[in-house]
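Overview (structure and organization)
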Amino acid sequence: MKTMTCPLNGVRNISEFVCGGEVRAMPDPATGSDAEWADYVFMENNKAGVVREWWCHTPTSFWFIAERDTVTDEILRTYPAGEVFTARRDFASKEGGS
Amino acid sequence: MVRPVEYARRSFLHRRLAEHGAVFAEVAGAAVADHYGGVDGEAVGAAQLALADLSPLPRIGFKGRNALNWMISQGVRGLQTDNAVDVQYDGVRAARLAPSEGLVLCDLEAKSGTVARLAEAWSLESAPLCFLVPRADSHYWFAVTGTRAAEMFAKVCGVDLRPDRFAVGSVAQTSVARNNAIIIRRDMGHTLAYDILGDSASADYMWRCLLDAMAEFGGKPAGLSALRRLAAE
């Protein structure tokens, strides 16, 4: 069976993981347009080459980031999300709400 | 005679255990399967391969960014390495499952008050960013004992649990028979043994699954008394 290395748990069968889609910046909730949100929620780049993706080790619900080559399906590297997201990001609330 | 239905703390699968001929005893206020007719035979069998239900025994977990710090502030030792267990002075074992999660399992004698003390000390106000995980309600707890245990696990689990590859105190959070489970190596005396914990709703499934997997090695249910005898050897 194909295997993947979880940064927390080590090498595990690929059946223990689910993919959460590519890593990309979320639109600002206060200023993002409907078009930006639609793009963020529904559209994929579907790049042929090395991509960064969210993956989850389901027995531990541990989310991490994997770099994968979509042409060869080779997993190049996995690491905790903390390597990319180093600080908490707060968003301003929308004035007046809706 | 101890009847599980008369106890608030009883096994998720006490009826299944009764079908196997379990004789229950009261341990720490709970009805536990003490033996299945003959402790001597079970202790011999458990040295080869056996499955025991420890579900009624005390255990507790904590989750959150401050969970481990709070546990340490309450006197829990260790918790420095992910997926590793530290034995406490009273025989209780504390496992670090992640940088934000810990699990505490009582000793086989269930004489330690550590689990009850932690449950008593914890509150949302007194332990900020530390949340209680009621593992005694959410998870079954079985023990798999005996020299053939790793061979049996190889049939249902992808992680290499052989004793030379998976040291005492190691933790594997993985898939067992396609169910998420936590496996902890915890030898009893000189006998190879593992704890396995998983979703309580799957307790009966996992019990039957493991008994089926161990049938070819002659594995059978064993009671708490047989395990205590192994641990004392």
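Residues numbered from 1 in each chain as written. Chains lettered and ligands numbered in written order. Predicted model: local features only at pLDDT ≥ 70, side-chain atom pairs only at ≥ 80, totals over all residues. Heavy atoms only, no water.

Taken as a whole, this structure holds 22 salt bridges over all chains when the rule is applied. For the salt bridge of Arg77(A) with Glu83(A), the shortest nitrogen-to-oxygen distance reads 2.7 Å. Here Glu83(A) falls in the partly exposed class, since its relative accessible area comes to 46%. The closest approach of N and O atoms between Asp187(B) and Arg185(B), which form a salt bridge, is 2.7 Å. Counted as one network, the salt bridges with shared partners bring together Lys2(A), Glu53(A), Arg68(A) and Asp73(A). (Salt bridge = Lys/Arg side-chain N within 4 Å of Asp/Glu carboxyl O. Buried < 20%, exposed > 50% of the residue type's maximum accessible area, 1.4 Å probe, protein only.)

Turning next to the packing of aromatic side chains. Tallying each qualifying case throughout the model produces 9 aromatic pairs over all chains. When the ring of Trp54(A) is compared with that of Phe85(A), the centres are 5.6 Å apart and the planes differ by 15 degrees; the resulting orientation is stacked. Taken as a pair, Trp54(A) in strand β4 (residues 50–57) and Phe85(A) in the segment after β6 (74–80) lie far apart in primary sequence, 31 residues in all. Judged by its relative accessible area of 22%, Trp54(A) is partly exposed. Between the aromatic rings of Tyr140(B) and Phe142(B), the centroid separation amounts to 4.5 Å while the plane-to-plane angle is 25 degrees, which identifies the pairing as stacked. Note on accessibility: Tyr140(B) and Phe142(B) belong to one class, buried. Among the aromatic residues, those joined into a ring-pair cluster are Phe17(A), Phe62(A) and Phe64(A). (Phe/Tyr/Trp six-rings, centres within 6.5 Å; stacked < 30°, edge-to-face > 60°. Helix = DSSP H or I, 4+ residues; strand = E, 2+ residues; numbered from the N terminus.)

A separate point is helix α4 (residues 114–121) of chain B. Residue and element names in this part refer to chain B. Inspection of α4 places Thr114, Val115 and Leu118 among the buried residues, and these make up the whole buried set. Along the axis of α4, the buried positions cluster into a sector of 100 degrees, meaning they face one direction only. Among the exposed residues of α4, those pointing more than 90 degrees away from its buried face are Ala116 and Glu120. Along its buried surface, α4 packs onto β4 (59–63), α3 (67–73) and β7 (101–105). (Arc of directions from axis to C-beta. Contact = heavy atoms within 4.5 Å.)

A few words on the sheet that holds β4(B). Residues and elements named next belong to chain B. Pairing is antiparallel in the open sheet, where 5 strands are placed in the order β5-β6-β7-β4-β8. Each having just a single partner strand, β5 (84–87) and β8 (131–133) make up the two edges of the open sheet. Pairwise comparison of adjacent strand axes, ignoring direction, gives a mean angle of 25 degrees for this sheet. Bridge count between β4 and β8: 3 bridges; the pairing is antiparallel. Looking at β8, one finds that Lys63 is bridged to Phe131. Strands β4 and β7 of the sheet are contacted by α4, whose axis makes an angle of about 40 degrees with β4. (Pairing = 2+ DSSP bridges. Axes fitted to C-alpha atoms, helices over the stretch in contact; angles between N-to-C directions.)

This brings us to the interface of chain A and chain B. Contact residues are listed per partner, giving 9 residues for chain A and 12 residues for chain B. Together, the buried faces of chain A and chain B total about 770 Å²; carbon and sulfur atoms form 48% of this surface. Between chain A and chain B we count 0 salt bridges in total. Connecting chain A to chain B are 6 residue pairs in polar contact (both at pLDDT 80 or more). Of the residues that constitute the side of chain A that touches chain B, the class distribution is 2 nonpolar, 5 polar and 2 charged. (Buried area = accessible area lost by both parts, 1.4 Å probe. Polar contact = N/O pair within 3.5 Å; in protein donor to acceptor, adjacent residues only side chain to side chain. Nonpolar A, V, L, I, M, F, W, Y, C, P; charged D, E, K, R; others polar.)

Turning our eyes to something else, we now look at the packing of helix α6 (residues 149–156) of chain B against helix α7 (residues 203–214) of chain B. Residue and element names in this part refer to chain B. α7 packs onto α6 with a crossing angle of 115 degrees between their chain directions and a minimal axis gap of 9 Å. Note that α6 runs across α7; the crossing there is right-handed. Where α6 abuts α7, its residues Met152, Phe153, Lys155 and Val156 lie against Leu210, Asp212, Ala213 and Met214. In the contact of α6 with α7, the residues fall into 6 nonpolar, no polar and 2 charged. (Left-handed = near helix turned anticlockwise from the far one by under 90°.)

Residue and element names in this part refer to chain B. Here the domain parsing of chain B yields domain 1 (4–57 + 138–232) and domain 2 (59–136). A C-alpha centroid distance of 22 Å is found between domain 1 and domain 2. If you look at the interface, domain 1 gives 25 residues, while domain 2 gives 16 residues. Here domain 1 and domain 2 share an interface that buries about 1,800 Å² over both sides, 56% of which is from carbon and sulfur atoms. The tally of links between domain 1 and domain 2 comes to 2 salt bridges. Arg228 serves as the salt-bridge partner of Glu109, at 3.7 Å between the closest nitrogen and oxygen. Counting across the interface, domain 1 meets domain 2 through 11 residue pairs in polar contact (both at pLDDT 80 or more). At the level of secondary structure, the elements contributing two or more residues to the side of domain 1 that touches domain 2 comprise β9 (139–145), β10 (171–176), β11 (179–185), β12 (193–199) and α8 (224–232). It is α8 that provides the largest number of residues to the side of domain 1 that touches domain 2, a total of 4 residues. Class assignment of the residues belonging to the side of domain 1 that touches domain 2 gives a composition of 15 nonpolar, 6 polar and 4 charged. (Domains from an automatic or database assignment.)

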